[in-house]
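Survey of secondary and tertiary structure
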Amino acid sequence: MTATLPQTAAAVALRDVRKAYGTRSAVVNALDGVTLEFGRGRFTAVMGPSGSGKSTLLHCAAGLDRPSSGEIELAGTALGKLSETQLTKLRRDRIGFVFQSFNLLPSLTAELNVALPLRLAGKRPQRREIRAVLESVGLADRARHRPAELSGGQQQRVAIARALVTRPAVLFADEPTGALDSTTGREVLVLLRRMVDSGGQTIIMVTHDPYVTSYADRVVFLADGRVAGELDDPTPRAVAERMAHLESSGGVW
Ligand SMILES: Nc1ncnc2c1ncn2[C@@H]1O[C@H](COP(=O)(O)OP(=O)(O)OP(=O)(O)O)[C@@H](O)[C@H]1O
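Residues numbered from 1 in each chain as written. Predicted model: local features only at pLDDT ≥ 70, side-chain atom pairs only at ≥ 80, totals over all residues.

Another aspect to go through is the site of the ligand. The full set of residues close to the ligand is Y21, G22, V28, A30, G48, S50, G51, S52, G53, K54, S55 and T56. Listing elements by their share of the shell around the ligand, those giving two or more residues are β1 (12-23), β2 (26-38) and α1 (54-61). Ranked by the residues each element gives to the shell around the ligand, the list is headed by α1, at 3 residues. When grouped by side-chain class, the residues that make up the shell around the ligand number 3 nonpolar, 8 polar and 1 charged. (Near = placed C-beta within 6 Å. Helix = DSSP H or I, 4+ residues; strand = E, 2+ residues; numbered from the N terminus. Nonpolar A, V, L, I, M, F, W, Y, C, P; charged D, E, K, R; others polar.)

Written as structure tokens, this is what we have:
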């Protein structure tokens, strides 16, 4: 059984989510009671000091990991109620994930990498369909190239095309520009922004970089596994100031 939320509801909602690692004698509360909503068709950045729980939050919200307690709903589905098989299917059909390190299969061409999620779902994608997605990330002319024949920025755009090919409800991005130089990183951010503005894509992105957050509609700050504030229409300066404050106070304010 899965709970269904009305269409106006957030793309992802977390309620009092906790995630503890370790044993009883040495517990790390990576998430310590997080309640948050991520709006549909919005680009949200998650920021916080190292170890504040950003990756844990992303992994739990994307169903890659299960929280110790609390509830997570994604596109109207309560993740805690799903079996492992149902969760795997939801990840495959409803979620896209982009990593810092691209994670493309080196032996496959760009178009075969992009087609992979559909093939894994038992579908037989049309070449036309795959080319259209590659075209949407500006790589129509690189379809037959293998990852080693592409620049870092091009590889990340292939990874974004692969994440979007299933038309996911939410695209999660973990430091998507972390391995790129600033010019190439900017191109990837412009592309993500365009996916939100013209495609209505929901994006949730973890980053360390205040500049990167300025492409988002909203930034949520984490500290010590808790929500420590947020900003709409973030500017690099405003985000850097909040981060400096968080790092010096070492906690929630
Ligand atoms: N598998 C694990 N086992 C034990 N502790 C973990 C595990 N994963 C994360 N942690 C701990 O949970 C806390 C949050 O980690 P997390 O990786 O979510 O933080 P982060 O904000 O993404 O950090 P960074 O910016 O350095 O990547 C940290 O104290 C980390 O050491």
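Here the narrative resumes.
The next thing to look at is the UniProt feature "domain: ABC transporter" (unreviewed entry) in the protein chain. On the UniProt side, "domain: ABC transporter" (unreviewed entry) is annotated at positions that read residues 12-249 here. Helix makes up 37% of residues 12-249 and strand 28%, whereas the separation of the span's terminal C-alpha atoms amounts to 29 Å. (UniProt positions renumbered as here; feature names shortened; annotations may be inferred.)

This part takes up the packing of helix α3 (residues 110-120) against helix α5 (residues 152-164). Each pair of packed helices can be described by the angle between their axes along with the distance between the axes. Contact pair α3 / α5: the axes reach a minimum separation of 7 Å and the direction vectors enclose 30°. Taken together, α3 and α5 sit at an angle that is classed as roughly parallel. Regarding α3 and α5, the two cross each other, and that crossing is right-handed. For the pair α3 and α5, the contacting residues are A110, N113, V114, L116 and P117 in the first and V158, A161 and R162 in the second. (Axes fitted to C-alpha atoms, helices over the stretch in contact; angles between N-to-C directions. Parallel < 35°, antiparallel > 145°, perpendicular 65-115°, else oblique. Left-handed = near helix turned anticlockwise from the far one by under 90°. Contact = placed C-beta atoms within 7 Å.)

So, on to helix α8 (residues 236-249). Relative to the 20 Å expected for 14 residues at 1.5 Å per residue, α8 spans 20 Å between its end C-alpha atoms, a close match to the ideal helical length. Summarising the contacts, the buried residues of α8 are in contact with β3 (43-47), α7 (210-213), β9 (218-223) and β10 (226-232). (Expected span 1.5 Å × (residues − 1).)

Right, let's talk about the confidence of the model for the protein chain for a bit. Of all residues in the protein chain, 95% have pLDDT values of 70 or greater, and the mean over the chain is 92. Taken as a whole, residues 1-8 scores under 50 in pLDDT and shows 10 contacts with residues more than four places along the chain or in a different chain. In the model output, the complex is listed with pTM 0.92 alongside ipTM 0.97. (pLDDT = per-residue confidence, 0-100.)

Let us now look at the sheet that holds strand β8 (residues 202-206). Adjacent strands of a sheet form backbone hydrogen bonds with each other and so pair up, either parallel or antiparallel. Spatially, β6-β7-β8-β3-β9-β10 is the arrangement adopted by the 6 strands of the open sheet, whose pairing is mixed. Each edge of the open sheet carries a strand with a single partner, namely β6 (95-99) and β10. On average, each strand axis in the sheet is tilted by 20° relative to the strand beside it, whichever way the strands run. By the bridge criterion, 5 bridges tie β9 to β10 in an arrangement that is antiparallel. (Pairing = 2+ DSSP bridges.)

Right, let's talk about the sheet that holds strand β5 (residues 77-78) for a bit. Pairing is antiparallel across the open sheet formed by 4 strands, whose spatial order is β2-β1-β4-β5. The sheet terminates laterally at β2 and β5, the two strands that pair on one side only. Sheet analysis places strand β4 (residues 69-74) next to β5, joined by 2 bridges and oriented antiparallel. Note on β5: the bridge partner recorded for E73 is A78.

The next thing to look at is the pairing of β8. Counting buried positions over the 5 residues of β8 gives 5, a clear majority of the element. Side chains T202, I204 and V206 project from β8 onto one buried face, and the interleaved I203 and M205 project onto a second face that is buried too. Relative to β8, strand β7 (residues 170-174) runs parallel, the two being bridged by 5 bridges. When the sheet's bridge partners are listed, F172 is paired in β8 with I204. Between the parallel elements β7 and β8, the chain passes through helix α6 (residues 182-199) in a crossover that is right-handed. (Buried ≥ 20, exposed ≤ 12 C-beta atoms within 10 Å, placed from the backbone. Right-handed = clockwise from strand over helix to strand, strands pointing away.)

Spacing of three or four residues puts side chains on the same side of an α-helix, whose turn is 3.6 residues. Taken together, the buried positions of helix α4 (residues 127-136) are occupied by I130, V133 and L134. Seen end-on, α4 carries its buried residues on one side only, within an arc spanning 100°. On its buried side, α4 packs onto α3 and α5. Taken from the residues just after α4, G138 is the one with a positive phi, measuring 75°. (Arc of directions from axis to C-beta.)

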